[in-house]
Amino acid sequence: MTTTSGGYVTDVAYVAEFYGDHAPAHLNQIAAAGGFRPRPLDGAFTWCDYGCGNGITANILAGCFPVAQFYGVDFLPEHVRTAEVLAARGGLENAKFIRKGFAELTDGDLPPLDFAVMHGVLSWIDEKNRNAVLDDAAKRLKPGGILLTGCNAMPGWAAKIPLRNMIYSLSADDVATVERARTGLAWMQRLKNAQVKFFRDNPALADAVDQMAALDPRYMAHEYFNQHLRAFYYAELAALMAPRGLKFAGSATTFLNMVDLAVPQDLYDEFRTVTSRAELEAKRDFVRNETFRRDVWVKGEPIKTEEEWMEIHLPLIFGTLVPLKDIDREVAFGDIQIAYTGDPFDSMLSSVATQALSIASMDDDPALNAIAASTRVEAARLLAAGGQVISFARETVAAKMGADTKLSIPPVNRGMIKELGMRLPKVPLAAVHAGTGIELPNIDAILLLALVDKGRGQAVKSAHKVLSSEAGDFVIGGKTLGKADVEKLLTDRLAILTRDLLPKLVEIGVVSVES
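All values reported here derive from a predicted model rather than from experimental measurement.

Reading the values: rules and limits
- Residues numbered from 1 in each chain as written.
- Predicted model: local features only at pLDDT ≥ 70, side-chain atom pairs only at ≥ 80, totals over all residues.
- Heavy atoms only, no water.
- Pairing = 2+ DSSP bridges.
- Helix = DSSP H or I, 4+ residues; strand = E, 2+ residues; numbered from the N terminus.
- Axes fitted to C-alpha atoms, helices over the stretch in contact; angles between N-to-C directions.
- Buried < 20%, exposed > 50% of the residue type's maximum accessible area, 1.4 Å probe, protein only.
- Right-handed = clockwise from strand over helix to strand, strands pointing away.
- Contact = heavy atoms within 4.5 Å.
- Core = buried A, V, L, I, M, F, W, Y, C linked by side-chain atoms within 4.5 Å.
- Disulfide = S-S within 2.5 Å.
- Expected span 1.5 Å × (residues − 1).
- Arc of directions from axis to C-beta.
- Parallel < 35°, antiparallel > 145°, perpendicular 65-115°, else oblique.
- Left-handed = near helix turned anticlockwise from the far one by under 90°.
- Nonpolar A, V, L, I, M, F, W, Y, C, P; charged D, E, K, R; others polar.
- Salt bridge = Lys/Arg side-chain N within 4 Å of Asp/Glu carboxyl O.

Chemist: Looking at this model, I keep getting lost on the sheet that holds strand β5 (residues 95-98). Mind explaining?
Modeler: Pairing between the strands of a sheet is mediated by backbone hydrogen bonds and can be parallel or antiparallel. The strand order across the open sheet built from 7 strands is β5-β4-β3-β6-β7-β9-β8, with neighbouring strands paired in mixed fashion. In the strand order of this sheet, the two ends are held by β5 and β8 (247-251), each with one partner. Taken over all neighbouring pairs, the strand axes of this sheet differ in orientation by 20 degrees on average, direction set aside. Looking at chain direction, strand β6 (residues 113-119) and strand β7 (residues 141-152) are connected through 6 bridges and run parallel.

Structural data, given as structure tokens:
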């Protein structure tokens with residue numbers, strides 16, 4: 001049966017995912033680019049996820065920063081139970097989860113915060129709870145504290161709202177939400193296949209129906225069946241934040257802060273005459289027609305000078321989560337396509353793909369020290385916009401290992417694999433040295449744990465034993481695999497894992513080399 005709190009669906013848990021844009025280093029990068037000072041990450045900072053769901057992100061980050069404190073707030077018991085189990089599995093004493101509604105939080109529940117994040121909740125709860133969560137975060141954020149909000153966006157949602165209202169009304173409120181989602185999806189598919197005028201007039205929504213059919217129905221349940229669903233224009237969000245002392249730093253989606261990437265070339269001159277960020281955001285919203293906003297706000301004042309801007313960028317650290325050969329060198333930003341070839345991109349990628357470096361530390365790299373610091377900053381921002389590099393919390397050291405190197409795995413990652421390896425297609429793992437998380441296909445994650453525990457010679461046998469005891473038949477591409485086929489699959493995956501991925505996983509701290 002569907003029940004709600006503040007209009008929010010509570011009879012089905014949200015999907016379990018890791019959100020990389022919630023990582024403190026990423027939030028610092030966006031704040032710095034927007035002219036605000038980053039928060040220190042080398043001490044006991046505090047971070048809270050309002051509406052933490054299953055606690056995946058909070059637990060992964062807690063595993064990366066053992067001296068920091070991570071909190072999650074959620075009123076759904078199943079969410080908090082899952083989050084607490086993951087914390088216990090990972091031995092995480094610095095992750096705490098609070099089962100309360102936002103309006104129920106008291107002064108003693110949370111400390112002053114360096115970072116706060118809220119994914120989706122502003123769109124999924126009623127006005128009373130929306131004000132409660134924003135008031136609580138704004139009150140607890142320290143001066144200079146950073147808030148990330150993610151919410152449904154206008155005008156991208158304009159055509160989806162009548163679609164949502166229609167499917168919401170197809171079944172009664174006393175029907176389980178997942179069943180309502182399935183009923184709504186089936187009806188949309190029938191309408192789309194019949195080529196009714198709504199879908200002829202909105203062809204992008206016809207594509208959206210196909211994409212939705214591939215999603216976990218729990219996602220659709222939470223996206224479409226909250227009672228008070230709301231999509232926001234930028235101006236509406238800014239009006240909520242300004243009285244609470246929160247200033248806009250930029251989009252958490254890096255490229256959207258760069259006019260040359262976010263708008264078509266024909267509109268460059270128009271956007272270069274924009275006199276305020278509010279005007280830019282309002283115009284860009286119609287250019288991009290995004291359906292979801294990810295915005296970063298800071299409780300404080302921006303810096304004043306170009307010298308300060310460079311000063312706060314020099315300590316920023318950039319690295320990669322994948323080996324150099326797997327980095328895309330061409331990226332499309334809508335109608336705009338960029339090729340990341342030639343210098344300074346080639347030199348920077350060659351260096352930071354083996355060890356993450358700060359802009360300042362690049363002075364000591366022979367391949368980069370001839371490049372001006374300002375050029376390094378702009379190159380790193382462009383590479384971050386394309387996803388080739390990300391912000392790291394720490395510099396890393398290139399992995400050194402041999403065929404018989406003994407490995408260990410952080411407790412947080414052991415816990416994630418054991419708890420989620422057979423439940424999710426991709427398993428989130430802590431990249432401890434990077435200060436963020438990655439996701440591995442579940443077979444690779446199970447193989448990785450077997451490799452750590454049993455060594456290369458026994459990894460396939462050990463992983464096969466785990467999979468065969470819990471997964472039942474292996475079905476890939478509609479074909480059921482026999483024992484020999486499964487062993488070959490695992491052998492092939494282990495070869496790729498050890499040859500291509502393992503050095504990177506060691507460098508970023510997913511696993512470690514035992515001394």
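Chemist: Would you mind going over the pairing of strand β3 (residues 46-50) with me for this structure?
Modeler: Consecutive side chains along a regular strand alternate between the two faces of the sheet. Counting buried residues in β3 gives 5 out of 5 residues, a clear majority hidden from the surface. The two faces of β3 match: T46, C48 and Y50 on one face and W47 and D49 on the other face are all buried. Here 5 bridges tie β3 to strand β4 (residues 69-73), and the two strands are oriented parallel to one another. Residue pairing across strands places T46 opposite Q69, the latter belonging to β4. For the crossover that starts at β3, traverses helix α2 (residues 56-64) and ends in the parallel β4, the hand is right-handed. Across 3 bridges, the pairing between β3 and β6 is parallel. Residue C48 lies in a different strand from β6, and its bridge partner there is A116.

Chemist: Got a minute to help me understand the environment of V287 in this structure?
Modeler: With respect to the helices and strands, the residue V287 is situated in helix α14 (residues 277-288). Linking V287 and M241, residues 46 residues apart in sequence, is a C-alpha distance of 24 Å. In this view, V287 contacts A262, V263, P264, L267 and F271; residues no more than four positions away in its chain are not counted.

Chemist: Just to check I follow, could you spell out the nonpolar core for this structure?
Modeler: General note: in soluble globular proteins, nonpolar side chains tend to be found buried as a group. Judged by nonpolar contacts, the single largest core of 78 residues is most densely connected at L429, L448 and L505. Dropping the residues within four chain positions of it, L429 is found in contact with I60, N413, M416, I417, T436, G437, I438, L440, L448 and V510. Counting 38 residues, the second largest nonpolar core, distinct from the first, contains L280, V352, A353 and A384.

Chemist: Would you mind going over the state of the cysteines with me for this structure?
Modeler: Covalently bonding the sulfur atom of one cysteine to the sulfur atom of another cysteine gives a disulfide. Scanning the entire structure with this criterion turns up 0 disulfides. Free of any disulfide, C52 has its nearest cysteine sulfur in C48, 7.9 Å distant. Since its relative accessible area comes to 8%, C52 is described here as buried. The cysteine C64 is free of any disulfide, with C52 supplying the nearest cysteine sulfur at 17 Å. Under the relative-accessibility criterion, C64 is labelled buried at 0%.

Chemist: Just checking my understanding: could you explain the sheet that holds strand β14 (residues 390-392) for this structure?
Modeler: Strand order in the open sheet formed by 3 strands is β13-β10-β14, with antiparallel pairing between adjacent strands. Edge positions in the open sheet fall to β13 (357-358) and β14, since each of these has one partner strand only. Note that strand β10 (residues 317-319) and β13 share 2 bridges and pair antiparallel. Across the sheet, F318 pairs through a bridge with L357, a residue of β13.

Chemist: Looking at this model, I keep getting lost on the pairing of β5. Mind explaining?
Modeler: Here β4 pairs with β5 via 4 bridges, running parallel. The residue bridging G72 from the neighbouring strand is F97, located in β5. Handedness of the β4-helix α3 (residues 77-89)-β5 crossover: right-handed.

Chemist: Where do I start with α3 in this structure?
Modeler: Every α-helix winds through 3.6 residues per turn, so residues three or four apart in the chain are directed the same way. Along its 13 residues, α3 runs 18 Å from first to last C-alpha, staying within 8% of the 18 Å computed at 1.5 Å per residue. All of the buried residues along α3 are H79, V80, T82, A83, L86 and A87. Projected down its long axis, α3 carries its buried residues within an arc of 160 degrees, all on one side. For α3, the exposed residues lying more than 90 degrees away from the buried face are R81 and A88. One or two positions beyond α3, positive phi appears at G91, with a value near 60 degrees.

Chemist: Is there a simple way to explain the environment of P24 in this structure?
Modeler: Of note, P24 is situated in helix α1 (residues 24-33). Of the residues examined, P24 reaches a relative accessible area of 0% and is grouped as buried. P24 has contacts with L41, F45, W47, L61, F65, F115 and G435, leaving out every residue within four places of it along the chain.

Chemist: Is there a simple way to explain the packing of helix α18 (residues 411-420) against helix α19 (residues 442-454) in this structure?
Modeler: To characterise two packed helices, one gives the angle between the axes of the helices and the distance between these axes. For the pair α18 and α19, interaxial distance at closest approach is 10 Å and the crossing angle is 130 degrees. The pairing of α18 with α19 is recorded here as oblique in orientation. The way α18 lies across α19 gives a crossing that is left-handed. From α18, R414, I417 and K418 reach across to α19, where they touch A445, I446, L449, V452 and D453. Of the residues that constitute the contact of α18 with α19, the class distribution is 5 nonpolar, no polar and 3 charged.

Chemist: I would appreciate a short explanation of the pattern of salt bridges in the present structure.
Modeler: For side chains bearing opposite charge, pairing can occur when the charged atoms are close. Going through the model one piece at a time under the given rule, you end up with 34 salt bridges. A salt bridge links D114 to R39; the shortest N-O distance between them is 2.7 Å. Here R39 lies in the loop between α1 and β3 and D114 lies in strand β6, a separation of 75 residues in the sequence. There is no split in this pair, since D114 and R39 are both buried.

Chemist: What should I look at first to understand the environment of A33 in this one?
Modeler: Along the polypeptide, A33 turns up in helix α1. Expressed as a C-alpha distance, the spacing of A33 and T491, which sit 458 residues apart in the sequence, is 45 Å. For A33, the residues in contact, after removing those within four places along its chain, are W309, H313 and R381.

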